[in-house]
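The lines below spell out each chain.
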Amino acid sequence: MTTGPGEQPVVLALSGITKRFGALMANEGVDLELRRGEIVALLGENGAGKTTLMNILFGHYVADEGTVSVAGADGRLQPMEPGSPGAALRSGIGMVHQHFTLAENLTAFENIVLGTVPLIRPGLAGRNARARLAELMRRSGLEVDLDIRVSRLSVGEQQRVEILKALYRDARVLVLDEPTAVLTPQESDTLFATLKSLAAQGIAIVFISHKLAEVLAASDRVAVLRLGRKVADLPTAECDRQKLAELMVGHAVTPSRREPKAPGAALLTLDGVTAGEGRDSIRDVGFTLHEGEILGIAGVSGNGQATLARLLSGLLPAERGNLFLRDKPVHAHDAGDMIRSGIARIPEDRHRDGVVGAMTVAENLVIEEIRGRRYQRFGFLDFAAIAARAREAIAAYDIRCPGGGAVARLLSGGNIQKIVLARTLDAGPVVVLAAQPSRGLDIGATGDVHRRLLAARARGAGVILISEDLDELFALSDRIAVIHRGHLSAPRPSEELDRASVGLMMAGHHTESEAA
Amino acid sequence: MSDILEILLTANFWAAALRIATPLIFGVLGALLCERAGVLNLGIEGIFTAGAMAGWMAVWLGAGLWGGVLVAALAGAAFGLVHAILTVPLGLSQHVSGIGVTLFATSLSYYTYRTALPDVSSPPRIEAFQPADIPYLSDLPFLGPALFQQTPLTFLALAFVVVVAFVLYRTPLGLAIRAVGDNPSAIEAQGLSVTLLRMGTVVAGSALMALGGAFLTMSAFDAFFFNMVNGRGWICIALTVFASWRPGKALIGALLFGAFDAFQVRLQTEVGGVVPGQVFLMMPYLLSIAALVVVARKADYPRAMLKPYFRGQR
Ligand SMILES: Nc1ncnc2c1ncn2[C@@H]1O[C@H](COP(=O)(O)OP(=O)(O)O)[C@@H](O)[C@H]1O
Ligand SMILES: [Mg+2]
């Protein structure tokens, strides 16, 4: 006889977990139960306390209050020794951290067996290690080459090693912290298929996410955390997108809508431009961007978007073809010139290219204008003016940080993006180049980004929106063009396109000429 | 030209090269162990001095030669423990702590020596290790005098090359040491203690370094002099990079250095009249710098080296 997950025994219980970091309540009285063979999604915005909760479960942190209990061999719940990853492992808890805990100079095999036998003995692992791993890989479908260094594995393969690490230790509870953040959509689908089969074998799974679509598709139950508190815990079947979004954010969310608006004069024209080298180059690309228009460039990453962005940022010369800004040809490739001509850049890798991590929030806010008059006095930096600007931007853009003097590197991705937005958009740009502007951001921060881009459009700026996210592209873009292998299709009004055909074009299945 | 070949072909030259390499082998093995675990140990120069002094003094006070070796290792371990405490649980700068340990260990060794022997003019001598006389092997033509007429500490150094390589590559402990120097969170996530692992490795590595010092006073010479370590520790730090943190390559690096050094002494007697002697003394160091320039650009430092690890910190 089969039983539904509701009747399965409880294998893990967190009760009344509270954790403070200084004055900050990262978790507050959180209860969570986990049953054999179920997949639970732990949903919440960035900073909601999801990672903290799971780190307490795995013994990285000690809770200030509350207990973690696990089912022993007899099935009865017993309290687990706090603050000891070793104890968690022995209780059958496995964790795949958001930042993988792999030694990259070792092979996958060595990483998996590390710490599973006493340290002082000849032979790296137990006698049956290879055979057991082969069996595990077969049963779970997690294939990976065990004998090459982890540094040479792809991110998806490294994640498989992490899961195998847990399975090799007979994990009965598997925790995954934002497992899809680093995966391509195809890899994510494979991962969730694997998780389903593991759950069918009786393993209880918790995965952390802030993406609604995957939570709805892959979980049996959803627990929602907001500001450290659990605000909901309900079967996925009773949820929909809207409901989960509201629970997660704490208020009704209205998707950003673009007001219809007739585009103005031509701003930026590319004519037969070829640039870059190799897979990410662009070939014979042409389009015109108008005032007050958002032009969406859809495409799977690595099809030439990075080259296009570098070209428009002035970081790369065009090999062939012409670039016009308001009918004036742009020749030199000079990033400073591009900024001065009013092209604002929101880079794809905001941590690397968007801010100087070691500098403060205030410094990052003024860094593009530092040669102008506004922040200088007698040729020296005017710290009072810089601090005033920082206060103004922090308030206007709701940048959550201890203050203008905080080091940018320590901020979350969403807040770093707000620094970039404040710096680029407040300068009143003519053209805004937004590369994957909401990638990795939660709903709240994504909404902020969208509102700002729409405001720039309303002001009359032209926006180039490079994105992989069809929801975002259709919600914001006046026209959409698809980039595939360096070729850009002719932009078409988004009302005339549907998601399925854009998706197919992104995959290169058919181009417009064939479809016509 | 034929002079040079003649030098290279004498058994005596290779015996000298191996003898000069011995303390370096101990030193590089110790340094690479520490660095593999993620801790740079610049205490090495002082730990050499401490090992040289402590081993010699133990024998001078009446201990056996092997007792002296043990005392030297313990002295090294003690200074290694100081460095380990400062850099691992306390997470202080490894550079500053290492230099501090070198100054401290060197001064303490000199101080102890002077306090024990306030007014000797010529350093007292001990009965040092003698070259082994191994049946058959020592009598082989060429190979015998080159390889098998060394003192026991040289054989111990060679044995440690094998032992360290075996531990690093063939035991779970070695796996853990290599992992903790690359990504300490991998160690914590597998339920092991980063702190214990790093501290233990630094203490063991420091004991090995001290044996390099002990070789100087108990095999190469039979007395303790001030400044006798003379930069050998620093050479080991450079050789570690040259060896890309591998015991086998460490042996090759130490032997190369020993060979250069033995070679310059011999060349000096050949052409010493024309070229100032200091040029020859410079040679092994210049050559190690040249070798490093070639190798170090591609050097694959242990990723977590110099980075302290604190649990539960982002
Ligand atoms: N080690 C730490 N020290 C100080 N603050 C922390 C630490 N870990 C997390 N926090 C804070 O606790 C809150 C919750 O963080 P986290 O659990 O990582 O959120 P989530 O995983 O849901 O994005 C955040 O405000 C974060 O800044
Ligand atoms: Mg998190």
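Residues numbered from 1 in each chain as written. Chains lettered and ligands numbered in written order. Predicted model: local features only at pLDDT ≥ 70, side-chain atom pairs only at ≥ 80, totals over all residues. Heavy atoms only, no water.

Looking now at the overall build of chain A. Within chain A, the secondary structure is distributed over 18 helices and 23 strands. Taking 2.2 N^0.38 as the reference for a compact globule, 516 residues should give roughly 24 Å; the C-alpha atoms of chain A span a radius of gyration of 25 Å, in line with that estimate. The principal-axis extent of the C-alpha atoms belonging to chain A is close to 80 × 60 × 50 Å. For chain A, buried positions account for 53% of its 516 residues. (Helix = DSSP H or I, 4+ residues; strand = E, 2+ residues; numbered from the N terminus. Rg over C-alpha atoms; globule rule 2.2 N^0.38 Å. Buried < 20%, exposed > 50% of the residue type's maximum accessible area, 1.4 Å probe, protein only.)

Once that is clear, we can look at the nonpolar core. Counting residues in each nonpolar core, the largest one holds 133 residues, and the members touching the most others are Ile163(A), Leu174(A), Leu195(A), Ile205(A) and Leu244(A). If you tally residues by element for this core, the top one is helix 10 (residues 194-220) of chain B, at 13 residues. Dropping the residues within four chain positions of it, Leu195(A) is found in contact with Ile39(A), Leu174(A), Leu176(A) and Ile205(A). Counting 45 residues, the second largest nonpolar core, distinct from the first, contains Ile416(A), Ala422(A), Leu453(A) and Leu497(A). (Core = buried A, V, L, I, M, F, W, Y, C linked by side-chain atoms within 4.5 Å. Contact = heavy atoms within 4.5 Å.)

This part takes up the sheet that holds strand 11 (residues 266-275) of chain A. Residues and elements named next belong to chain A. If you trace the four strands from one edge of the open sheet to the other, you get 12-11-14-15, paired in antiparallel fashion. Only two strands of the sheet have a single partner each, and these edge strands are strand 12 (282-290) and strand 15 (328-329). Across five bridges, the pairing between strand 11 and strand 14 (residues 320-325) is antiparallel. Within strand 14, the position partnered with Thr269 by the bridge is Phe324. On the sheet, helix 9 (residues 305-312) packs against strand 11, strand 12 and strand 14 and is oriented at approximately 125° with respect to strand 11. (Pairing = 2+ DSSP bridges. Axes fitted to C-alpha atoms, helices over the stretch in contact; angles between N-to-C directions.)

Accessible area lost during the coming together of the parts is what is often quoted as the interface size. Taken together, the contacts link 34 residues of chain A with 27 residues of chain B. Of the roughly 2200 Å² buried at the junction of chain A and chain B (both faces included), carbon and sulfur atoms supply 59%. Of all residues in chain A, the largest losses of buried area upon contact with chain B belong to Leu114(A), Leu119(A) and Leu124(A), amounting jointly to 27% of the total for that side. As a salt-bridge pair, Glu104(A) and Arg303(B) come within 3.7 Å of each other at their nearest N and O atoms. Linking chain A with chain B are 13 residue pairs in polar contact (both at pLDDT 80 or more), by the criterion used here. When residues of the side of chain A that touches chain B are traced back to their parent elements, those giving at least two are helix 2 (85-90) and helix 3 (108-113) of chain A. In terms of residue count, the dominant contributor to the side of chain A that touches chain B is helix 3 of chain A (four residues). For the side of chain A that touches chain B, the class distribution of residues is 17 nonpolar, 11 polar and six charged. (Buried area = accessible area lost by both parts, 1.4 Å probe. Salt bridge = Lys/Arg side-chain N within 4 Å of Asp/Glu carboxyl O. Polar contact = N/O pair within 3.5 Å; in protein donor to acceptor, adjacent residues only side chain to side chain. Nonpolar A, V, L, I, M, F, W, Y, C, P; charged D, E, K, R; others polar.)

Turning next to helix 2 (residues 11-36) of chain B. Residue and element names in this part refer to chain B. Between the first and last C-alpha of helix 2 there are 35 Å, a value that for 26 residues agrees with the 38 Å anticipated at 1.5 Å per step. The largest bend along helix 2 reaches roughly 35° and is located at Thr22, with the proline Pro23 sitting one to four residues downstream. Within helix 2, 22 of the 26 residues are buried, leaving the element largely enclosed by the surrounding structure. Gly38 occupies a position one or two residues after helix 2 and carries a positive phi of about 100°. (Expected span 1.5 Å × (residues − 1). Bend = angle between axes of the 7 residues up to and from the residue.)

Right, let's get into the site of ligand 1. In the neighbourhood of ligand 1, 14 residues make up the surrounding shell, with Gly47(A), Gly49(A), Lys50(A), Thr51(A) and Thr52(A) lying closest. Among the chains of the assembly, those with residues near ligand 1 are chains A and B. Take Gly47(A): an N or O atom from its main chain is 2.7 Å from an oxygen atom of ligand 1. One nitrogen or oxygen atom from the main chain of Ala48(A) is found 3.2 Å from an oxygen atom belonging to ligand 1. Protein burial of ligand 1: of its 560 Å² of free accessible surface, 76% is covered by the chains. Those elements that place two or more of their residues in the shell around ligand 1 are strand 2 (24-35) and helix 1 (50-57) of chain A. The greatest single-element share of the shell around ligand 1, amounting to three residues, is contributed by helix 1 of chain A. The residue inventory of the shell around ligand 1, partitioned by class, reads five nonpolar, six polar and three charged. (Near = heavy atom within 4 Å. Areas by Shrake-Rupley, 256 points an atom, 1.4 Å probe, with all protein chains shown as cover.)

Attention now goes to the side chain of Thr22(B). When you line up the elements, Thr22(B) lands in helix 2. Polar side-chain contacts of Thr22(B) include one of 2.8 Å to the backbone oxygen of Leu18(B).

This part covers the pairing of strand 8 (residues 204-209) of chain A. Residues and elements named next belong to chain A. The buried fraction of strand 8 amounts to six of the six residues, a majority that puts the element mostly inside the structure. Covered by surrounding structure in strand 8 are Ala204, Val206 and Ile208 together with Ile205, Phe207 and Ser209, the residues of both alternating faces. Bridging between strand 3 (residues 39-43) and strand 8 involves five bridges; their strand directions are parallel. Bridge pairing in strand 8 places Leu42 opposite Ile208. For the crossover that starts at strand 7 (residues 173-176), traverses helix 6 (residues 185-200) and ends in the parallel strand 8, the hand is right-handed. (Right-handed = clockwise from strand over helix to strand, strands pointing away.)

In this section: the pairing of strand 4 (residues 65-71) of chain A. Residues and elements named next belong to chain A. As defined by bridge partners, strand 1 (residues 10-21) adjoins strand 4 across five bridges and the pair is classed as antiparallel. Of the residues in strand 4, the one forming a bridge with Ala13 is Ser69. Of the pairings in the sheet, the one linking strand 4 to strand 5 (residues 77-79) comprises three bridges and is antiparallel in character. The residue bridging Ala71 from the neighbouring strand is Leu77, located in strand 5. Where strand 4 folds back onto strand 5 in an antiparallel hairpin, the turn is made up of five residues, including Gly75, whose phi is positive at roughly 90°.

Moving on, we come to the environment of Ala105(B). Residue and element names in this part refer to chain B. Looking at the element boundaries, Ala105 is found in helix 5 (residues 94-116). In sequence terms Ala105 and Thr201 are 96 residues apart; their C-alpha atoms lie 19 Å from each other. Every residue in contact with Ala105, bar those within four places of it in the chain, is listed here: Gly46, Ile47, Ala50 and Phe79.

This part covers the domain arrangement of chain A. All names here are of chain A. Assigned domains within chain A: domain 1 (255-342 + 428-516) and domain 2 (356-427). In this structure, domain 1 and domain 2 have C-alpha centres spaced 27 Å apart. Across the domain 1/domain 2 interface, buried area totals approximately 950 Å², and carbon plus sulfur atoms make up 61% of it. On the domain 1 side of the interface with domain 2, the three residues burying the most area are Ile339, Gly428 and Arg452, jointly 46% of the side's total. (Domains from an automatic or database assignment.)

Residues and elements named next belong to chain A. Counted under the stated rule, the structure contains 34 salt bridges over all chains. For Arg229, the salt bridge identified is with Glu28, shortest N-O distance 3.6 Å. Of the two residues, Arg229 sits in strand 10 (residues 229-235) while Glu28 sits in strand 2, which places them 201 residues apart along the sequence. Residue Arg221 pairs with Asp233 through a salt bridge whose shortest N-O separation is 2.6 Å. Here Arg221, found in strand 9 (residues 221-226), pairs with Asp233, found in strand 10; they are 12 residues apart in sequence, far enough to count as distant. Of the residues examined, Asp233 reaches a relative accessible area of 31% and is grouped as partly exposed. The structure contains a network of salt bridges with shared partners spanning Glu38, Arg221, Lys230 and Asp233.

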